[in-house]
Structure formats: C-alpha cells, structure tokens
Amino acid sequence: MKKVAKFGGSSLASAGQMKKVADIIHADETRRFVVPSAPGKRYSDDVKVTDLLYRCYDAAAAGEDIDGRLKEIQARYQEIIEGLELDLNLDEEFAVMRDYFQRQAGRDYAASRGEYLNGLVMAKYLGFKFIDAAEVVLFDERGNFDAEHTNEVMRQRLKNMDNAVIPGFYGAMPDGSIKTFSRGGSDITGSIVARAVKADVYENWTDVSGVLVTDPHVVKNPEPIETITYRELRELAYMGASVMHEEAIFPVRQEGIPINIRNTNRPQDKGTMIVESTCRQPKYVITGIAGKKGFCAINIEKEMMNTEIGFGRKVLQVFEENGISFEHTPSGIDTYTVLVHQSEFEEKEQNVISGIHRAVHPDSIDLESNLALIAIVGRGMKATKGTAGRIFSALAHANINIKMIDQGSSELNIIIGVRDLDFEVAIRAIYDIFVTTQL
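Taking an unreviewed UniProt entry as the reference, the protein is identified by name as Aspartokinase belonging to Candidatus Merdiplasma excrementigallinarum. In UniProt, the protein has this text filed under Catalytic activity (unreviewed entry): "L-aspartate + ATP = 4-phospho-L-aspartate + ADP".

## Description of the nonpolar core
The biggest cluster of nonpolar side chains holds 122 residues, and the ones touching the most others in it are V4, F7, F101, L158, I374, I416 and I430. The contacts of L158, once residues within four sequence positions are left out, are F33, I131, A164, I166, V193 and V197. With 16 residues, the next largest nonpolar core counts C296, M305, V318 and I324 among its residues.

## What to know about the sheet that holds strand β7 (residues 201-206)
In spatial order, the strands read β3-β4-β2-β1-β7-β9-β10-β8; together these eight strands make up an open sheet with mixed pairing. In the strand order of this sheet, the two ends are held by β3 (129-130) and β8 (227-229), each with one partner. As defined by bridge partners, strand β1 (residues 3-7) adjoins β7 across five bridges and the pair is classed as parallel. If you follow K3 over to β7, its bridge partner there is V201.

## Overview of the packing of aromatic side chains
Here the structure, examined in full by the defined rule, presents 10 aromatic pairs. Each ring, one from F139 and one from F181, has its centre 5.2 Å from the other, and the planes form 50°; the classification is tilted. Here F139 is found in the loop between β3 and α6 (147-158), whereas its partner F181 is found in the loop between β6 (178-180) and α7 (186-196), with 42 residues between them in sequence. Looking at F139, the relative accessible area reads 5%, which means it is buried.

Calculation criteria
Residues numbered from 1 in each chain as written. Predicted model: local features only at pLDDT ≥ 70, side-chain atom pairs only at ≥ 80, totals over all residues. Heavy atoms only, no water. UniProt positions renumbered as here; feature names shortened; annotations may be inferred. Core = buried A, V, L, I, M, F, W, Y, C linked by side-chain atoms within 4.5 Å. Buried < 20%, exposed > 50% of the residue type's maximum accessible area, 1.4 Å probe, protein only. Contact = heavy atoms within 4.5 Å. Pairing = 2+ DSSP bridges. Helix = DSSP H or I, 4+ residues; strand = E, 2+ residues; numbered from the N terminus. Phe/Tyr/Trp six-rings, centres within 6.5 Å; stacked < 30°, edge-to-face > 60°.

Laid out in structure tokens, this is it:
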C-alpha cells in the first residue's frame, strides 16, 4: 500500500497545525510521500505567505527596500520552527531569496518560495528526504507542463525512496528558471507524484471533511458527499465548486488512482472519495449543486433559422472574433440564445450585436442581463424518473421563474438559469427537495 498526502495552506499555517499533520502522517506508514503548500492564514484577518511573497517581490521590482518585508516572512517560518523545537536555520535561504528578488528572478520564483521553505521545515520535522520540485516537475520551453518527461524523472527519483517531501505548486523550465502552476497548484503536484509512484490513493488534506453537496455559504451545514466520480466533480468544478484544483484530476485519472479529500482538523472523518467509476448507489438522487452569477443572454430570433445551414457557426464566430467564450447555446426553431459572462461581454456588446446582424441578418436581438446558472449534477439522475419535474416544482414553490434549461446528453447534469437575485433561494429550494426532505 502506498499513499501520497498533500496538505493545504490552512493545514500548515502554524506549528500547532504542523503537529496535527505529522500525527496524521505517522499514524499510517503507507503515507510515504508528502506534498506541502505554503503556510496559509492563521486566523481570518491574516495574510497567506504566498501573498506576502508577491508583495515583497513587487516592492523589490519597484526599487524599494525589502528587508522589512523579508523579515516578516521569515518570522512566520521562525514561529513554526520554534513551535516544533527544530534545529533549523533559514538565514542562508533568505539571503539567497533577497539576492534573487533584487535581481528580479520573476514572480513565479517569488511565489514558489513559500512551498519550498515549508517543504524544508516539514522534511526536517518528519525526518523525510527533501526533494526540490524544481528537479522533478518539468515545463517545456513554452512554459507548458511536460507531463510525460516529469513522470519519468519523478518515477526514477522516487522509486527507491521510502519517504520524501516534495513541495507543491512549482517546477522548472529547461533553463532552470522557476515556473509555477496557477494558484492552488499544489493539488496538481500531489497528483503528479501519485501518478509517478503508482499510489493506491492520493489523499488531499484540507479544512473541510470532503466535498459538500453545495456551498456552505448558501446552505447551512450541507451534507458531505461520500463518493463522487471524476466526471461529476468536473461538472461541479466548472460551475464554481472548488475543493481542489480541477487540473489535479488528470494525472491520477490516467492511472485510475482514487482521490480522498480529508479534513486535517477531523482526521477521523472518512471524507470524500473521488473515483473513475463506481457501482455504489449515491445517498441522494443528486450528487451536488453548484452555480455562478453574472451571466447575460443574447437572444437571437429569425424565422426559418433552422433551415439555414451554418447559422450557429456564424453566430459563434462573431463571439470568437471578439475574444468572448460562450457557456451555453440553447435553441428553438426560430430562436438561438448564447449565454456568456456579462463582465466579458459588456465592453464589446455593440461590436457583437453589429457582427451578428452582418453575419446572419436576424429579425431581432434581445439582451437579458444579471442571470445566474445553477448545475444539478448526479449519476443517480439517469436512473430516476421525474428529476427535472422535482426541480421545477421546488423552484415554483419558491416563486422563482426559470429563464433557461439545458440538459446534457449524458443525463449527468441539468443546468438552469435564474435571475441573480434568486440564486441563493433557488439553490436552497433544490437542496431542500432532494436532500433535506427527499420528497
């Protein structure tokens, strides 16, 4: 048995949290490879170390003195080191950082130091081997992650090791310069390590006991999801649910490695298993509910548009030419609607409208703004009759008017559009009928 354990910033924000992490790792000898994030917030008004590093680097780039900022960052690590009673001095590491910051080695280098330094601290505390991610996570000349080269190098480096700490979030370009993944990229590193060592499970430790059915800011204490498939998670992540970086799914999915989302502060909780496929029946008909606000609909009407070959392509090409991506395109016989992010569309709306007129000569174009999209996702929906009816009934009882309905051919999700003002009420109504009351 072999596990890779990735710990998020909130799990490593202080010496107390680091001790919890060490207890978790030592409680299971199969947790052999550990991927740490940079220290997160210790309390609500605190600042993440990664943000402190960005600010420090930007100050250096502006020609300002950065000694005070570096001391603030070093104090965060020193607090952890002293709390763990470690014999570890980071003075030399901070001297190197100061030199690199002043030489403007790049914001990626600056941001990566949070994980790098935390990796040194964790490896020392656990008694594990430290491996700099810059040596085993590789990007090509264009800055694209080189998955296959990384997998081979990582596999060779780790194959004879009993234990190791590999910092998350960053790697290196062919010239040795540091390159980071997008924010939250430590999840990706953990997935890369799990693939390379052919782990049985990739554990992703955070501050929640798994993936929740819906946003706890909208529904108080929503139920956790016991098991969810990669496809279901992708659908929820696409609509705003964020438990882990969505790109972290791909490396482990290639190897069929399950992901276990766990809570550092409640290690006794089983958390959520993310799997390729499962015969387990979900606890509820739906697996999860997620959504986003801030969309607008461009409604195009033209008689007999269904007989006009290339109509949809011509319309979407106008959006492409204006650099706007679309979310959904529900249509009827004489109507065609394109839903886009309102913030992207507003500055270019007149260009798009005139472009559509030139491209397809519509009878009319109508805009509807301030819309929200809500995705109801679940593998259990396919085998259950009346799911859509229950959604519509719940929204009707909540006096919510549905603006749009879209269901994928996989029957894995149903997406509805409502007014921004109705967003939270709609989610609570859907959660209530499928989870709370299970009518």
